[in-house]
Amino acid sequence: MGENVYTAATEEVLPPTTVTNRYAGFWMRFWAYLFDLLVVGSINRLIVYPLFRFFDLSVDQTSMFAPITITTTVVFYAYFVLMTKYFQQTLGKMVFGLKVIDINHQSLTWSTVLFREVVGKFISKTILFIGFLFVAFSEKKKGLHDQIADTIVVHE
């Protein structure tokens, strides 16, 4: 009595504490982010700007509340939020073999993704991009946005 019974099904599943992750470092994440900026810029240049010109809307970015500025900002955040929520990675992370996971190995929730991609990254950028430098110096390579959302970026 009191002995643990193991079946083939339970032996195959590793508890989260024994799963080893290879954390993605600063430079891998930097190159993936640059790739993503290229993708978002391409979407804006190939779709958003031509649509604005087609509907005879101004593409001058004279203020941060100009319609083109708001639209390109929405495209930027929508790309990161939707790709991270549905695929756990953006195209840049796919190219470099990286993936965003919850620290408890749970599915990413909408609140987790929104806090990571919108709130966390906004804060990281606002303080002179220092939040991104956390990746280079933290133990688990977590940026400020990862710490806010309890996520990590790992190699697939």
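Residues numbered from 1 in each chain as written. Predicted model: local features only at pLDDT ≥ 70, side-chain atom pairs only at ≥ 80, totals over all residues. Heavy atoms only, no water.

Caption draft 1: Representation of the overall build of the protein chain in the model. Of regular secondary structure, the protein chain possesses seven helices and two strands. The linear arrangement of helices and strands in the protein chain, starting from the amino end, is α-α-α-α-β-α-α-α-β. Counted over contacts in the protein chain with a minimum sequence separation of 6, partners at least 24 positions apart contribute 64%. Put simply, the protein chain shows about 10100 Å² of open surface, and 67% of that area lies on carbon and sulfur atoms. (Helix = DSSP H or I, 4+ residues; strand = E, 2+ residues; numbered from the N terminus. Contact = heavy atoms within 4.5 Å. Areas by Shrake-Rupley, 256 points an atom, 1.4 Å probe, with all protein chains shown as cover.)

Caption draft 2: Representation of the pairing of strand β2 (residues 151-155) in the model. Counting buried residues in β2 gives five out of five residues, a clear majority hidden from the surface. Along β2, one buried face is formed by T151, V153 and H155 and the opposite face, lined by I152 and V154, is buried too. (Buried < 20%, exposed > 50% of the residue type's maximum accessible area, 1.4 Å probe, protein only.)

Caption draft 3: Focus on the nonpolar core. By size, the foremost hydrophobic cluster in this structure holds eight residues: A24, A32, V81, L98, V100, L108, V113 and V153. Ignoring anything within four residues of it in the chain, the contact list for A32 reads G92, K93, F96 and L98. (Core = buried A, V, L, I, M, F, W, Y, C linked by side-chain atoms within 4.5 Å.)

Caption draft 4: Quick look at the packing of helix α3 (residues 67-87) against helix α5 (residues 110-126). Between α3 and α5, the shortest axis-to-axis distance is 9 Å and the interhelical angle comes to 140 degrees. In terms of axis orientation, α3 runs oblique to α5. Crossing of α3 against α5: the hand is right-handed. Where α3 approaches α5, its residues F76, Y77, F80, V81, L82, T84, K85 and Y86 are matched on the opposing element by W110, V113, L114, E117, V118, K121, F122 and K125. (Axes fitted to C-alpha atoms, helices over the stretch in contact; angles between N-to-C directions. Parallel < 35°, antiparallel > 145°, perpendicular 65-115°, else oblique. Left-handed = near helix turned anticlockwise from the far one by under 90°.)

Caption draft 5: Fine view of the confidence of the model for the protein chain. Of all residues in the protein chain, 88% attain a pLDDT of 70 or more, and the chain-wide mean is 89. At the low end of the mean pLDDT range in the protein chain sits helix α1 (residues 8-12), at 52; at the high end sits helix α4 (residues 91-96), at 98. (pLDDT = per-residue confidence, 0-100.)

Caption draft 6: Focus on helix α2 (residues 26-54). For α2, with 29 residues, the first-to-last C-alpha span of 41 Å sits near the 42 Å given by 1.5 Å per residue. Remark: the principal bend of α2, roughly 35 degrees, maps to N44. Residues of α2 that are buried include every one of R29, A32, D36, V39, V40, N44, V48, Y49 and F52, and no others. Among the residues trailing α2, D56 stands out with phi positive, at a value near 55 degrees. (Expected span 1.5 Å × (residues − 1). Bend = angle between axes of the 7 residues up to and from the residue.)

Caption draft 7: Inspection of the environment of F129 at higher detail. Within the secondary structure, F129 is located in the loop between α5 and α6 (130-137). In this structure, the C-alpha to C-alpha distance between F129 and L144, residues 15 residues apart in sequence, is 9.8 Å.

Caption draft 8: Spatial organisation of the side chain of T112. Note on placement: T112 falls in helix α5. Once residues within four sequence positions are removed from consideration, T112 is found in contact with A149 and T151.

Caption draft 9: Quick peek at the pairing of strand β1 (residues 98-102). Along β1, four of the five residues are buried, which leaves the element largely enclosed by surrounding structure. Pairing analysis gives five bridges linking β1 to β2, with the strands arranged antiparallel. Across the sheet, residue L98 finds its bridge partner in β2, namely H155. (Pairing = 2+ DSSP bridges.)

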